[in-house]
Number of protein chains: 2
Amino acid sequence: MPASIGTASALRTGYSTGELTTVEVADQVLAGLAGRAGDAVWISTVPAEHLRARAAELHRRRTELAALPLYGVPFAVKDNIDFAGLPTTAGCPEFAYLPERTAPVVSRLLDAGAMLVGKTNLDQFATGLTGARSPYGAVESVFGGGLVAGGSSSGSAVAVAAGLVSFALGTDTAGSGRVPAAYNGIVGLKPTRGLLSVAGVVPACRSLDCVSIFTRTVDDAATVFQVAAAVHPDDPWSRALPVERTVGRAPSTLRLGVPRTEDLDFFGDLGQRDRFAAGQERLAGLVDATEPVGLQPLFEAGDLLYQGPWVAERLADLDDFLRRRPDAVLPVTRKVLEGGREYTAADVFRARHRLQELRAWAERLWRRIDVLVVPTIGTTFTLAEIEEDPIGRNTVLGRYTQFANLLDLAAVTVPNGFTESGRPASLTLVGPAFGDTTLVRLAAALTGEHVGPAGAAPTPPGGDLVPGGDLVPGGDLVPDGDLVPDGDPDGDGRVLLAVVG
Amino acid sequence: MPASIGTASALRTGYSTGELTTVEVADQVLAGLAGRAGDAVWISTVPAEHLRARAAELHRRRTELAALPLYGVPFAVKDNIDFAGLPTTAGCPEFAYLPERTAPVVSRLLDAGAMLVGKTNLDQFATGLTGARSPYGAVESVFGGGLVAGGSSSGSAVAVAAGLVSFALGTDTAGSGRVPAAYNGIVGLKPTRGLLSVAGVVPACRSLDCVSIFTRTVDDAATVFQVAAAVHPDDPWSRALPVERTVGRAPSTLRLGVPRTEDLDFFGDLGQRDRFAAGQERLAGLVDATEPVGLQPLFEAGDLLYQGPWVAERLADLDDFLRRRPDAVLPVTRKVLEGGREYTAADVFRARHRLQELRAWAERLWRRIDVLVVPTIGTTFTLAEIEEDPIGRNTVLGRYTQFANLLDLAAVTVPNGFTESGRPASLTLVGPAFGDTTLVRLAAALTGEHVGPAGAAPTPPGGDLVPGGDLVPGGDLVPDGDLVPDGDPDGDGRVLLAVVG
């Protein structure tokens, strides 16, 4: 069984000590891909000889290690982001095109020394939160047991969780960078809208789309974020992180918003309820103060996305294709997209006006608190459960995520142990636009870095974590209910340095 | 013939020396109203005994003069802005309601000592730029001769230009705070969207609406702006002027954008062309540098408003009324509004996406220049000319104004003399959001303060400037083609002080 690819941080250590070479890592990556051949994680991969050539090139340039923050780090890209050399499908073969240019956000990673492995599966047109809406196959969670991978960035999340790559790019409009992180026990950073350029990304809702980052550690997420974030002149949605926000605030100074109990719905999943309570309690111990927050305005904002006129934003770019090739679009996706035709122009403006009121509510909220914690998802579903009610259960999955981009928020999703029935739990830290680095610092404090299932290789490729076909053993990662292994091998403050440096 | 009411600045001098009392000024105001009885400037006025009572109250409080920046200054409010005590009609009697609360922006003026005189006529629902679209009558320019007043804030502009009040509030979505200023030879300040609260204002396009200020001097505009601007908690569109922007930049440090000749269209009006060239040349002498700017992206953005899906934003609030009472709406207004029904939700998002590209263009523009000068209107029309083609000629009037709020710009309109055929000329300084105080400083430098027709009382009420029924004599205000009378009676820097203080 191929070894899991190390985190960006671990690879860097290996490269700098000479224990590892990029050529060796490329071979490990190729072995990992071979081990998972036939599953639905990838839509296309870089030819083996190209990956080896890239590794060899980097090996020749190994004296540049200090100048290349992602030197020799293998990564995956969701297949709605352009890379010149592989087709972009957006999860729809009939829509596919061969891009002439690589998306600037990918170019930045390559320029920093990263090695692209391939393009990952997704819910078609990034529309969905299940990972089950793709003609390339439904993606299963790294934890197996029939659990979906979550979507729409399903393949990217599994590629990271399974150790096939160190990190991956996803996109996040309604929660596609957070829900799959939750389903696969990894970190999902959904940066403030505009900090990572969406140039060269197939639009879902142009005014809301974000490029997101999947990693196994918060530290890695901070490193990738730092490399990837940049204003791009071709991207009118692009925004700069204000200089004064490049250093996050110390967790001990923060006021944490915690949901009012009556606003939390786990859809009957008491295991998720208990895990969230435990995670929230642990967070409360890290911050200066906590304050209860009503979530109804967030839910109302979120409903505008799929249950309101924003669904028509998806038609702005796709309607022509949908009319020409209705057969090329999955029935569930078509149904969702065609719902956008029911809204008038005046409906959009009415919803925009209501959204402005909700944004004003959110602005007032950020005067009371600095960070809000929410469950990432209220409960988890198997593929069979999704198939019973693909649209209704998709909506359930978006409950705690789909408001974020409408309200111009940043979010970091972190693993939160497992329920007693062995399902992965996760929580999401939410903050105002440009609060990314503060969220990252709090997330790092929460996870103590390097949290994953058992704190090691997250899962063997192609199989379940435990041989019995069940999910991982119930309960917490460590016996005392704490998520963090004792000690901190990489030392404190590295996230801060990574974000600042 | 009643005397023209002084500027806010002149009244203040009079009150502080004891030469004037508020009671005397109220009587002057009432005499002025009586002198114009029967014209279309006002929709409703405060009862004479109320105005006298207000004046008497202020007279008793005359020791508070220093604390009340608008002590005893009479003003008018466009009749789409609420004042508890008078109906709000929005130019449609069947739509009228009696507001329970005064709009916060009006309350701030009253709290600063101003005296409300009445509510002014407007193009119905603030939809139009002509001043001819009102069931309360078409408003004629203060210069007479059949010239329209411009709209939609027609009555407010004439009330100020005719000296009936010292200042007036208008609103500005497509240019309604600038076009009537141009037609009446006065100053029109269209602040950055959100700085003056739109709470208690009948919406036209909620996401674009601004409250605007008409005065006879730039100094007065700065004073009223300073009092009126405030974040209001009930107004989700409300924004604060950043502290570092409360002082404008010195004109001599500015880079001025001047339109490329091929982008300027005066619709055959060579007099306006010549006046604009002269005004631009004078401006160029005040700034550090000039740079040619192509205007096509501005025009494209502007076209989204009436020739694109933004017209549907007007339906967001009005569609119910329009369907219930189509007979209550003027045919031309109904035709414009109903055009909004032709757009789909996806059309709105497509236009929004294009607008984002144009906003990005504008952001790049503000790295090259600090202020852009444009004609306020390319040409002027008589009422008869408007009636020939009410929609087409309205579009002509919006050419240089309707892009501003879509692109989140601030603007100040200032008089620019008269054409040889006696028509008023005007130019508008445009800057990025929150550039208001810089625009005001440049406008003050341009006008040297206190510029109006002949630098004195702008017009006798109810008549033309010159007895022959013609407009004012052709040519410039002063023989050398300069707009500014020699000397500066109020001293330099007062605008800066007013804005800062």
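A brief structural summary. It should be emphasised that the depicted structure is a prediction, and the values quoted were computed from it without experimental measurement. (Residues numbered from 1 in each chain as written. Chains lettered and ligands numbered in written order. Predicted model: local features only at pLDDT ≥ 70, side-chain atom pairs only at ≥ 80, totals over all residues. Heavy atoms only, no water.)

This paragraph deals with unusual backbone geometry. A cis geometry characterises the amide bond from Gly151(A) onward to Ser152(A), with omega recorded as 5°. Note that Ser152(A) resides in the loop between strand 3 (115-120) and helix 5 (154-161). In this structure, Phe267(A) takes a positive phi of about 55° despite not being glycine. If you trace the backbone, Phe267(A) turns up in the loop between strand 7 (255-259) and helix 8 (270-284). Here Phe267(A) falls in the partly exposed class, since its relative accessible area comes to 30%. The phi torsion at Ala90(B) lies on the positive side, around 55°, for a residue other than glycine. Turning to its location among the elements, Ala90(B) is positioned in the loop between strand 2 (74-78) and helix 4 (104-111). (Helix = DSSP H or I, 4+ residues; strand = E, 2+ residues; numbered from the N terminus. Buried < 20%, exposed > 50% of the residue type's maximum accessible area, 1.4 Å probe, protein only.)

What follows concerns the sheet that holds strand 1 (residues 42-45) of chain A. Residue and element names in this part refer to chain A. Read across the sheet, eleven strands follow the order 1-3-2-4-6-5-10-11-9-7-8 without closing on themselves; strand pairing throughout is mixed. A strand with exactly one partner marks an edge of an open sheet, and here the two such strands are strand 1 and strand 8 (289-293). In this sheet, neighbouring strand axes are inclined to one another by 25° on average, regardless of whether the strands run parallel or antiparallel. Pairing geometry for strand 2 (residues 74-78) and strand 4 (residues 167-172), over three bridges, is parallel. The partner of Phe 75 across the bridge, within strand 4, is Phe 167. Running at roughly 20° to strand 3, helix 2 (residues 22-35) makes contact with strand 1, strand 2 and strand 3 of the sheet. Across the face of the sheet, helix 7 (residues 218-228) comes into contact with strand 4, strand 5 (187-190), strand 6 (210-215) and strand 10 (409-418) while running at roughly 145° to strand 6. (Pairing = 2+ DSSP bridges. Axes fitted to C-alpha atoms, helices over the stretch in contact; angles between N-to-C directions. Contact = heavy atoms within 4.5 Å.)

Turn by turn, an α-helix covers 3.6 residues, leaving residues three or four places apart pointing in a common direction. Residue and element names in this part refer to chain B. Taking 1.5 Å per residue, 15 residues should reach 21 Å; helix 8 (residues 270-284) reaches 21 Å between its end C-alpha atoms and fits that length. For helix 8, every residue scored as buried is listed here: Gln 272, Arg 275, Phe 276, Gly 279, Gln 280 and Leu 283. Down the axis of helix 8, the smallest arc covering the buried residues is 135°, so these residues share one side. Elements in contact with the buried residues of helix 8: strand 7 (255-259), strand 9 (371-375), strand 10 (409-418), strand 11 (424-432) and helix 15 (436-447). (Expected span 1.5 Å × (residues − 1). Arc of directions from axis to C-beta.)

Bringing the sheet that holds strand 6 (residues 210-215) of chain B into the picture now. Residues and elements named next belong to chain B. Strand order in the open sheet formed by eleven strands is 1-3-2-4-6-5-10-11-9-7-8, with mixed pairing between adjacent strands. The open sheet is flanked by strand 1 (42-45) and strand 8 (289-293), the only strands paired with a single partner. Within this sheet the neighbouring strands show an average axis-to-axis angle of 25°, counted without direction. With three bridges connecting them, strand 5 (residues 187-190) and strand 10 associate as antiparallel partners. Counted as the bridge partner of Gly 188 is Thr 413 from strand 10. Most of the contacts of helix 2 (residues 22-35) go to strand 3 (residues 115-120), to which it runs at about 20°, and overall it touches strand 1, strand 2 and strand 3.

Attention shifts here to the pattern of salt bridges. If you walk through the whole model with that rule in mind, you get 50 salt bridges over all chains. The residue Asp39(A) makes a salt bridge to Arg36(A) at a minimum N-O spacing of 2.6 Å. Among the ionic pairs, Glu57(B) bridges to Arg61(B), the shortest N-O distance being 2.7 Å. The exposure class assigned to Arg61(B) is partly exposed, which follows from its relative accessible area of 25%. (Salt bridge = Lys/Arg side-chain N within 4 Å of Asp/Glu carboxyl O.)

A few words on the nonpolar core. Nonpolar side chains tend toward joint burial in soluble globular proteins. Of all hydrophobic cores here, the largest spans 263 residues; its most connected members are Leu109(A) and Leu109(B). Beyond its immediate sequence surroundings of up to four residues, Leu109(B) is in contact with Leu70(B), Phe75(B), Ala114(B), Phe167(B), Leu169(B), Val224(B), Val227(B) and Ala228(B). (Core = buried A, V, L, I, M, F, W, Y, C linked by side-chain atoms within 4.5 Å.)

Once that is clear, we can look at the relation of the copies chain B and chain A. Take chain B, turn it by 180°, move it 0.0 Å along the axis, and it overlays chain A with an RMSD of 0.0 Å. Such a turn and shift between the copies fits a two-fold axis. Taking C-alpha positions as reference, the residue of chain B nearest the rotation axis is Ala345(B), located at 2.1 Å. Take the interface residues of chain B: 100% of them recur as interface residues in chain A, which is what a same-surface contact looks like. (Least-squares fit on C-alpha atoms with pLDDT ≥ 70 in both.)

Let's shift gears to the environment of Ile43(A). All names here are of chain A. Examined against the element boundaries, Ile 43 turns out to sit in strand 1. Spatially, the C-alpha atom of Ile 43 lies 21 Å from that of Val 25, the residues being 18 residues apart in sequence. If we ignore the near neighbours within four places in the chain, the residues touching Ile 43 are Asp 79, Thr 89, Gly 91, Lys 119, Thr 120, Asn 121, Leu 122 and Tyr 136.

Residues and elements named next belong to chain B. Mapped onto the elements, Gly 175 comes out in the loop between strand 4 (167-172) and helix 6 (179-184). In this structure the C-alpha to C-alpha distance between Gly 175 and Leu 397, which are 222 residues apart in sequence, comes to 8.6 Å. The residues contacting Gly 175, other than those within four sequence positions of it, are Leu 129, Gly 151, Pro 180 and Thr 401.

This next bit is on the pairing of strand 3 of chain A. Residues and elements named next belong to chain A. With respect to burial, strand 3 is a largely interior element, six of its six residues being buried. Here strand 1 runs beside strand 3; their pairing, made up of three bridges, is antiparallel. If you follow Ser 44 over to strand 3, its bridge partner there is Lys 119. In this region the chain leaves strand 2, passes through helix 4 (residues 104-111) and returns to the parallel neighbour strand 3; the handedness of that crossover is right-handed. (Right-handed = clockwise from strand over helix to strand, strands pointing away.)

Further remarks concern the side chain of Ser426(A). All names here are of chain A. Examined against the element boundaries, Ser 426 turns out to sit in strand 11 (residues 424-432). The buried category is assigned to Ser 426, whose relative accessible area is 6%. Separated by 2.7 Å, the side chains of Ser 426 and Thr 376 make a polar contact. Polar side-chain contacts of Ser 426 include one of 3.3 Å to the backbone oxygen of Val 414. (Polar contact = N/O pair within 3.5 Å; in protein donor to acceptor, adjacent residues only side chain to side chain.)

All names here are of chain A. Tracing the chain through its elements places Thr 376 in the loop between strand 9 (371-375) and helix 13 (383-388). Within the structure, the side chain of Thr 376 is placed 3.4 Å from the backbone oxygen of Leu 427, a separation counted as a polar contact. A polar contact of 2.7 Å, which involves the side chain of Thr 376, links it to the side chain of Thr 428.

The next point concerns the interface of chain B and chain A. If you look at the interface, chain B gives 27 residues, while chain A gives 27 residues. Here chain B packs against chain A, burying approximately 2,100 Å² in sum over the two surfaces, 70% of which is carbon and sulfur. The largest contributions to the chain B side of the interface with chain A come from Pro236(B), Phe349(B) and His353(B), which together make up 29% of the buried area. For the pair chain B and chain A, the number of links is zero salt bridges. Applying the counting criterion to the chain B and chain A interface returns ten residue pairs in polar contact (both at pLDDT 80 or more). Going through the elements one at a time, helix 10 (311-324) and helix 12 (345-368) of chain B are the ones with two or more residues in the side of chain B that touches chain A. (Buried area = accessible area lost by both parts, 1.4 Å probe.)

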